[in-house]
Amino acid sequence: MATEILMPALSPTMEQGKLAKWHVKEGDSVASGDVIAEIETDKATMEVEAVDEGVVSRILVAEGTENVKVNTPIAEIAGEGEDTAAVPQAPVAAPAAPAAPAIVRAEAARPVEPVSDAEVPEGTQMEEMTVREALRAAMAEEMRRDGDVFLMGEEVAQYQGAYKISQGLLDEFGAQRVIDTPITEHGFTGLAVGAAFGGLKPIVEFMTFNFAMQAIDHIINSAAKTLYMSGGQMGAQIVFRGASGAAARVGAQHSQDYGAWYSQIPGLKVVQPYSAADAKGLLKSAIRDPNPVVFLENEILYGRTFQVPKIDDWLVPIGKARIARPGRDATIVSWGIGMTYAEKAAEQLAAEGIEAEIIDLRTLRPMDTETIIASVKKTGRVVVVEEGWPQCSVSTEVAMRVMEHAFDWLDAPPVRVTGKDVPMPYAANLEKLAQPSVEEVVEAVRRVRYV
Amino acid sequence: MAAKSKAAAAKPGKAGASGAKGGQGAGKAAAASAKNAFSAFSPEEELSAYHDMLLIRRFEERAGQLYGMGLIGGFCHLYIGQEAVVVGMQMAAGEGDSVLTSYRDHGHMLACGMDAKGVMAELTGRQSGYSKGKGGSMHMFSREKNFYGGHGIVAAQVPLGTGLAFANKYRGTDRVCLTYFGEGAVNQGQVYESFNMASLWSLPVVYIIENNRYAMGTAVARAAAKAEEIYNRGSVYGIPGEQVDGMDVRAVHAAGVRAIAHCRAGKGPYILEMMTYRYRGHSMSDPAKYRSKDEVQRMRAEHDPIEQARQRIVEAGHASEDELKAIDKKIRAIVTEAAEFAQSSPEPAPSELWTDVVR
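Fair warning: this is a prediction, and the values are worked out from it, not measured in the lab.

Engineer: Can you help me understand the confidence of the model for chain B in this one?
Structural biologist: Detailed reading of the predicted coordinates is not advisable wherever pLDDT is low. All names here are of chain B. Per-chain confidence: chain B averages 91 in pLDDT, with 90% of residues scoring 70 or above. Considering only residues more than four positions removed or in separate chains, one finds that residues 1-34, a stretch of pLDDT under 50, has 67 contacts. This prediction of the complex comes with two scores: 0.88 for pTM and 0.90 for ipTM.

Engineer: Help me understand helix α11 (residues 305-316) of chain B, please; the structure alone is not making it clear to me.
Structural biologist: Every α-helical turn comprises 3.6 residues, leaving residues that sit three or four positions apart pointing alike. Residues and elements named next belong to chain B. Under the 1.5 Å per step criterion, the end-to-end length of α11 is 17 Å for twelve residues, consistent within 8% with the ideal 16 Å. Within α11, burial applies to Pro 305, Ile 306, Ala 309, Arg 312 and Ile 313. In a view along the axis of α11, the buried residues occupy a sector of 125°, so they form one face of it. Looking at the buried positions of α11, the neighbouring elements they touch are α2 (43-68), α3 (83-92), α9 (249-264), α10 (293-303) and α12 (321-344). Capping of α11 at its N-terminal end is provided by Asp 304; its side-chain oxygen lies 3.2 Å from the backbone amide nitrogen of Ile 306. With its phi angle positive at about 75°, Gly 317 sits one or two positions after the end of α11.

Engineer: Could you clarify how one ought to interpret the interface of chain A and chain B in this entry?
Structural biologist: Interface size, as often reported, equals the accessible area lost upon joining of the parts. With 46 residues of chain A at the contact, the number on the chain B side is 36 residues. Buried area between chain A and chain B, summed over both chains or domains, comes out near 3,400 Å², and the portion from carbon and sulfur atoms is 63%. Taken as a group, Leu191(A), Tyr228(A) and Met229(A) account for 21% of the area that chain A buries against chain B, more than any other trio of residues on that side. Put simply, chain A and chain B have one salt bridge between them. Residues Arg171(B) and Asp148(A) are paired through a salt bridge, measuring 3.6 Å at the closest nitrogen-oxygen approach.

Engineer: Which parts of the structure should I look at to understand the sheet that holds strand β12 (residues 178-180) of chain A?
Structural biologist: Either a parallel or an antiparallel arrangement is found when strands of a sheet pair, and the pairing is made through backbone hydrogen bonds. Residue and element names in this part refer to chain A. Taken in spatial order, the seven strands line up as β12-β11-β13-β14-β16-β15-β21 in an open sheet, and their pairing is mixed. Strands with a single pairing partner mark the edges of an open sheet, and in this sheet they are β12 and β21 (363-365). Averaged over all neighbouring strand pairs, the angle between strand axes comes to 20°, with direction disregarded. Pairing geometry for strand β15 (residues 269-271) and strand β16 (residues 292-297), over three bridges, is parallel. Bridge pairing in β16 places Lys 269 opposite Val 293. Strand contacts of helix α7 (residues 276-288): β11 (149-153), β13 (201-208), β14 (238-243), β15, β16 and β21, with the helix running at about 160° to β16, the strand carrying the most contacts.

Engineer: Would you take a moment to explain empty space enclosed by the protein for this structure?
Structural biologist: A water-sized probe, rolled over the atoms, reveals where empty space remains. Residue and element names in this part refer to chain A. Tallying each qualifying case throughout the model produces six cavities of 30 Å³ or more. Its volume calculated, the largest cavity comes out at about 130 Å³. Class assignment for the residues of the lining of the largest cavity results in six nonpolar, five polar and three charged. Of the voids in this model, the second largest cavity is the one considered here, and its volume is about 90 Å³. Every residue lining the second largest cavity is counted, 15 residues in all, and those nearest its centre are Asp 257, Gln 272, Asn 298, Ile 337 and Glu 387. When grouped by side-chain class, the residues that make up the lining of the second largest cavity number five nonpolar, six polar and four charged.

Engineer: It is not clear to me how the environment of His51(B) should be interpreted in this structure. Could you clarify?
Structural biologist: Residues and elements named next belong to chain B. Along the chain, His 51 turns up in helix α2. Residues His 51 and Ile 331, spaced 280 residues apart in sequence, show a C-alpha to C-alpha distance of 7.8 Å. When sequence neighbours within four positions are dropped, the list of residues in contact with His 51 reads Ile 327, Lys 330 and Ile 331.

Cut-offs applied
Residues numbered from 1 in each chain as written. Chains lettered and ligands numbered in written order. Predicted model: local features only at pLDDT ≥ 70, side-chain atom pairs only at ≥ 80, totals over all residues. Heavy atoms only, no water. pLDDT = per-residue confidence, 0-100. Contact = heavy atoms within 4.5 Å. Helix = DSSP H or I, 4+ residues; strand = E, 2+ residues; numbered from the N terminus. Expected span 1.5 Å × (residues − 1). Buried < 20%, exposed > 50% of the residue type's maximum accessible area, 1.4 Å probe, protein only. Arc of directions from axis to C-beta. Polar contact = N/O pair within 3.5 Å; in protein donor to acceptor, adjacent residues only side chain to side chain. Buried area = accessible area lost by both parts, 1.4 Å probe. Salt bridge = Lys/Arg side-chain N within 4 Å of Asp/Glu carboxyl O. Pairing = 2+ DSSP bridges. Axes fitted to C-alpha atoms, helices over the stretch in contact; angles between N-to-C directions. 1 Å grid on protein atoms, 1.4 Å probe; cavity = no way out; pocket = protein on both sides within 12 Å on 5 of 7 lines; lining within 4 Å. Points joined across faces, edges and corners; volume = space filled by probe spheres on them. Nonpolar A, V, L, I, M, F, W, Y, C, P; charged D, E, K, R; others polar.

Spelled out as structure tokens, the structure:
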């Protein structure tokens, strides 16, 4: 009986990829462990091995096909003695013919998230860019601009970045400025802060912020507090960046969101962007900021495509929220990946006739209270959405500020939609339950609307 | 890489569990002593070292006094007994070399040329202190004098100093970073993370381990495996290490010259274990019951770095007793002026609460 070879996932978050190359053709014999194909996503390339002995009876997806969904059958291997000649079928060339059922057609275009931003001048040309590309472009532009800026972290150089954020930077800037570190977060973070004391402008990449807990003493005690403790004589111009929050199925130790943790610390600036335009403009601002900046990215968002203004030196100011969707009936405040729930919920609510205004906070510290309050004074209702835990969360802080500054304008108590108060579970269903959902956001808005 | 050893002169007599470990290294010490021998100081060097050590001693005595009067708050860690370490090292350092250390930092600041008035005023929490009164005893800095703190978290300064060395190398200068820490800090993981990167990337950093035998109340041998060989803690990373008589400013200086030259030549980091002793408790609130009065007395009587220097100066005729008294008098005047300044200087304005958080 023929065995189907399925399109594998390269990472917990991969949904589709390109079948880059076949190393075998129909009729070839393969043994377990033979490399039969290469697949790639925007962040990695991997070889596909045969898992069984046999003869390649059919190749179902042609070399060069893009956007092949994970788990799509890409080939069949027939066992010993099976009649492989009985199933001659030419592989379908890319772009795929619509008749070939086994092939997931390349989508016409990557989904592009809309961006509405008052900061972008009318008539500005936009370009499509993933968050990943935006982050890379921001670092490259700033490194070209200032020789004191350098990048260090695990796998940032030769490996081209664990999440491919630093792809190509080693080639352009060399090993002096793109530095692979040993796996010693505590040590290399302290070293980077010391280099910043010495006047350099390090970008420290944490593969994820979960590992920065080993380094948090230097982020807080050494980087954030020194300007104050030295009476303004010296501080650290440094960016700590990397993925924060849940990815997919990586369990409790790799899924924590650190927005609330770092945003409590005076002396730090904390940025958590959603769109590629903000990722680019805010990272550039962070690198130029004379203070330590914690820049929280999200693995799920790395591959999302957005419109980014095609402007030389696109900068987004730190500390300024963005009205992502105007509305009159309720305010939804979110940031980072929380925005994905907020936007989908707003669309559903619009269908019910409720126009929610979405504020993308973008920076958690300093928090743009003014923009939140102005919106709440208009809508009288507020829902805050975040993936982090509820207790002492950023949502809690937003809700409190609303009560301090706009209590008399509120027509309903503020509602938080957060990650559940449990360590992140591994099981797919439980993991989904632990995170906020669009339904919860919709329900929360209905609640503050009393509908 | 073979670690070099030098005789440990600073042996407390019967130091309880810690004991005196110099004897074990005696064989190696003998072999290495010729190489590590130091020549006599010139008269100018002797007098300069004497002056600088005495300034620290008198400053710290006065700080202890002000603490007792309630004028200095919080934690206050005195450097009395260890003066030869930082003075000898700073004599070996050059213009532009950077320094950072732990919270036992007053001596280091004075040795870096920071003003006694500004240091004392910071201790009393006044506006004219080095950190405008917002740092305190453990957190003072002077970019002008290349003094990068004053760090209150044990061993945090080790990667920070390694990073300053990284910046030197990145910029292509031949400047060296002198990173001081205690023998208590050597058990922290970040020390080895730093050793690894410093050696891997050949960073110009001298790690100066001030082994004063007690990490707060814990004798070194109760906390450190192979306590007699702390200088050797970098050997697996290929970092040369020496044990140095940290009570003899000439030995410290000579070792400092070797270590700094090694770093300047681009050969990577270097470790100096300074065998020293603190006469006072860990901080002002520590009665130091974990060691005998006899042990402290013996160190003071037999190994005091300032008294040793004084005797050498007199015996060699570099200065008369009267001339030394004049130095002492001058130093007392500096310290008195600093103490008066620190008491008369105003507290920071309430508005200072909100400045220097971000820039």
